[in-house]
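Fold and contact review
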Amino acid sequence: MDLKKPLTFDEQLDKLIVHGMIVADREKAKDILKRVNYYRFTGYALQFRQEPSGSNYIEGTTFETVYHLYKVDEILRDTFRRYIEKAEVYYRTQIAYGFSIAKCTEAPYDQHYDENNFYNKKGYKEVMENFSREKNYYKDSLIVKHHKIKYSSRMPLWVIVELMSFSNMSKLYSSMYYSEKDAIARMVGVGKDTLENHLHCLSVLRNKCAHAARMYNTDFNPPAKFTTSFLKKHPEIKNNSLFAYTLVLLKRLPDESSKKSLIQTVEAVIDEYRDDIDLNLIGFPEKYLEIMENNL
C-alpha cells in the first residue's frame, strides 16, 4: 500500500477545510502550519472528529480553537520543564546522599559499583550500562576527565547522579534494597513505593516535555500513586491523567514557594484558554484549584 502523498501547506489547509474545519484567516493558518507539523496539529483536533476513525470534523470546529489547544500544551510543557528541573536536582541529591551514607562506608567507598548492594541486580546492570553511554556524552567535560585520570573512571555516586538521566536515576532508586529506599523516602516524607512511582511519573513527564510530545487528551503511564484516603476523598481524579501527573509534580517539589508558583501558572493558563479547553480531556476536575492548594 502506498504511503500518503506529501501535501503543500496550501493543500494541507485545503484538506482541513474539506473535512469541515473553519479557517477564518487563511494566511495566518498557513503560517501556523509552516511552524507546526500538520500531523502534530491535527492531534489536537481528535476530540472534534465526528467519528473516532473518521476525518470529518463536527460542525463549528475552528482552526483557531485547535491552535489554542496546541498553545495550552506548549505553555504547560514549558512550565513543567522548569519545575521538574527543581525536583530533579533535589532528588538527585537525596538519592545520592541516602545510598552513600548507608552503603559507601568503607574504603574505597565505591560500594555503588557492587551489584550485591542492590536488590534488583538485572535492573542495576541496565542502569550502569545506560550510564556508560550517558557518561560518554560528557567525555570532554573536566569532571569525566578528572575521574578518568585520577580514579580510573570511577566516580562517587553524587557525581554519577549529576551525569545520569532522570529516567536512569529513577531506575537506580527502583533497583535498591528496601532499606535504602525507605531511608531515602523518609528523608523526603513519603513512602518508598509512592516515591518510586512518583520518580517514574516525573521521568515520563520530563521526557514528554523534552520531546514536545502531546499531553492534551492523552493517557499517562504508569498511573500515579496516591494515598487511599486521598483517592477516597477525590474519586473524580483519574490517576492516568495530566492532572494526576501535575499533582505528582506539585507533591514532589521541595519548597512551598515553587509549589505556589506552579499552581498560579497552571491557573493562569487554564483561565486564559478556558473557552477552548475541555478539562475532562486533561483530567482536571472543576475544583482542581482547591485540590492543588490543599496539597501544598
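Up top is the structure.
An account of the accompanying structure is given in this report. (Residues numbered from 1 in each chain as written. Predicted model: local features only at pLDDT ≥ 70, side-chain atom pairs only at ≥ 80, totals over all residues. Heavy atoms only, no water.)

1. Regarding the pattern of salt bridges
Selection criterion: Salt bridge, as used here, is a side-chain nitrogen of Lys or Arg placed within 4 Å of a carboxyl oxygen of Asp or Glu. Put simply, DSSP marks the helices as runs of H or I at least four residues long and the strands as runs of E at least two long, and each gets a number from the N terminus on. Partly exposed residues are those whose accessible area sits between 20% and 50% of the maximum for their type, while under 20% is buried and over 50% is exposed, using a 1.4 Å probe and protein chains only.
Counted by the stated rule, this structure contains 16 salt bridges. Residue Asp 14 is joined to Arg 26 by a salt bridge in which the shortest nitrogen-to-oxygen separation is 2.8 Å. A residue pair is termed long-range when its members are at least 10 positions apart, and Asp 14 in helix H1 (residues 9–18) and Arg 26 in helix H2 (residues 26–35) qualify at 12 residues. Given a relative accessible area of 30%, Arg 26 falls into the partly exposed group. Each of Asp 10, Asp 14, Arg 26 and Lys 30 takes part in a single network of salt bridges with overlapping partners.

2. Remarks on unusual backbone geometry
Of note, the amide linkage connecting Ala 107 to Pro 108 takes the cis form, showing an omega dihedral of 10 degrees. Relative to the assigned elements, Pro 108 resides in the loop between helix H4 (63–103) and helix H5 (121–137). Here the amide bond leading from Asn 221 into Pro 222 is cis, since omega sits at 10 degrees, within 30 degrees of zero. Structurally, Pro 222 is set in the loop between helix H10 (192–210) and helix H11 (228–233). One non-glycine residue, Ala 212, adopts positive backbone phi at about 55 degrees. With respect to the helices, strands and loops of the structure, Ala 212 is situated in the loop between H10 and H11. On the basis of relative accessible area, Ala 212 is assigned to the partly exposed category, the value being 26%. Its identity is not glycine, yet Asn 217 carries a phi of approximately 55 degrees, on the positive side. Tracing the chain through its elements places Asn 217 in the loop between H10 and H11.

3. Brief notes about the packing of H5 against helix H8 (residues 166–175)
The line we're drawing: In this analysis an axis means a line fitted to C-alpha atoms, helices contributing only their contacting stretch, and an angle means the value between N-to-C directions, from 0 to 180 degrees. Relative orientations are named as follows: roughly parallel for angles under 35 degrees, roughly antiparallel for angles over 145 degrees, roughly perpendicular for angles from 65 to 115 degrees, and oblique for any other angle. Two helices that cross are described as forming a left-handed crossing if the nearer one is turned anticlockwise from the farther one by less than a right angle, and a right-handed crossing if clockwise. Here a residue-residue contact requires only that any non-hydrogen atoms of the pair lie within 4.5 Å.
Contact pair H5 / H8: the axes reach a minimum separation of 9 Å and the direction vectors enclose 155 degrees. In this view, H5 runs roughly antiparallel relative to H8, as classed from their interaxial angle. Taken as a pair, H5 and H8 cross one another with a handedness that is left-handed. Contacts between H5 and H8 involve Gly 123, Tyr 124, Val 127, Asn 130, Phe 131 and Glu 134 on the former and, on the latter, Asn 168, Lys 171, Leu 172 and Ser 175.

4. Structural notes on the packing of H4 against helix H13 (residues 256–272)
Two elements in contact, H4 and H13, have axes separated by 10 Å at closest approach and are oriented at 175 degrees. Accordingly, the angle class assigned to the pair H4 and H13 is roughly antiparallel. For the pair H4 and H13, contact is made by Val 72, Ile 75, Leu 76, Thr 79, Phe 80, Tyr 83 and Lys 86 and by Ser 258, Ser 261, Leu 262, Thr 265, Val 266 and Val 269, respectively.

5. A closer look at the state of the cysteines
To be explicit about the condition: A pair of sulfur atoms, both from cysteines and within 2.5 Å, is called a disulfide here.
Evaluated as defined, the whole model comprises 0 disulfides. Cysteine Cys 209 is unpaired, with the sulfur of Cys 201 as its nearest cysteine sulfur at 13 Å.

6. Thoughts on a nonpolar patch on the surface
What counts is decided by this rule: Think of a patch as exposed residues, more than 30% relative accessible area, with no salt bridge, where like charges cluster within 9 Å and nonpolar side chains (Val, Leu, Ile, Met, Phe, Trp, Tyr) cluster within 5 Å. Note on areas: these come from Shrake-Rupley sampling with a 1.4 Å probe, and a residue is covered only by the protein chains present in the view.
On the surface, Tyr 97, Ile 101 and Met 187 cluster together into a nonpolar patch covering about 320 Å² of accessible area. Within the element layout of this structure, Met 187 appears in helix H9 (residues 178–187). We classify Met 187 as partly exposed; its relative accessible area is 37%.

7. Observations regarding H2
The condition that has to hold: Within this analysis, the arc is defined by the directions that extend from the helix axis to the C-beta atoms. Residues adjacent in sequence count toward polar contacts only when both atoms are side-chain atoms; beyond that, a polar contact is any pair of N or O atoms within 3.5 Å, and within protein one must be able to donate a hydrogen and the other to accept it.
Among all positions in H2, only Ala 29, Lys 30, Ile 32 and Leu 33 are buried. Projected down its long axis, H2 shows its buried positions confined to an angular sector of 155 degrees, all on one face. For H2, the exposed residues set more than 90 degrees away from the buried face come down to Glu 27, Lys 28, Lys 34 and Arg 35. Tucked into the core, H2 has its buried residues touching H1, helix H3 (38–43) and H4. Capping of H2 at its N-terminal end is provided by Asp 25; its side-chain oxygen lies 3.3 Å from the backbone amide nitrogen of Glu 27.

8. What to know about H8
The element H8 is extensively covered by neighbouring structure, given that 7 of its 10 residues are classed as buried. Along H8, the residues that are buried comprise Phe 166, Asn 168, Met 169, Ser 170, Leu 172, Tyr 173 and Ser 175. Those residues of H8 hidden inside the fold are in contact with H4, H5, helix H7 (157–163), H9 and H10.

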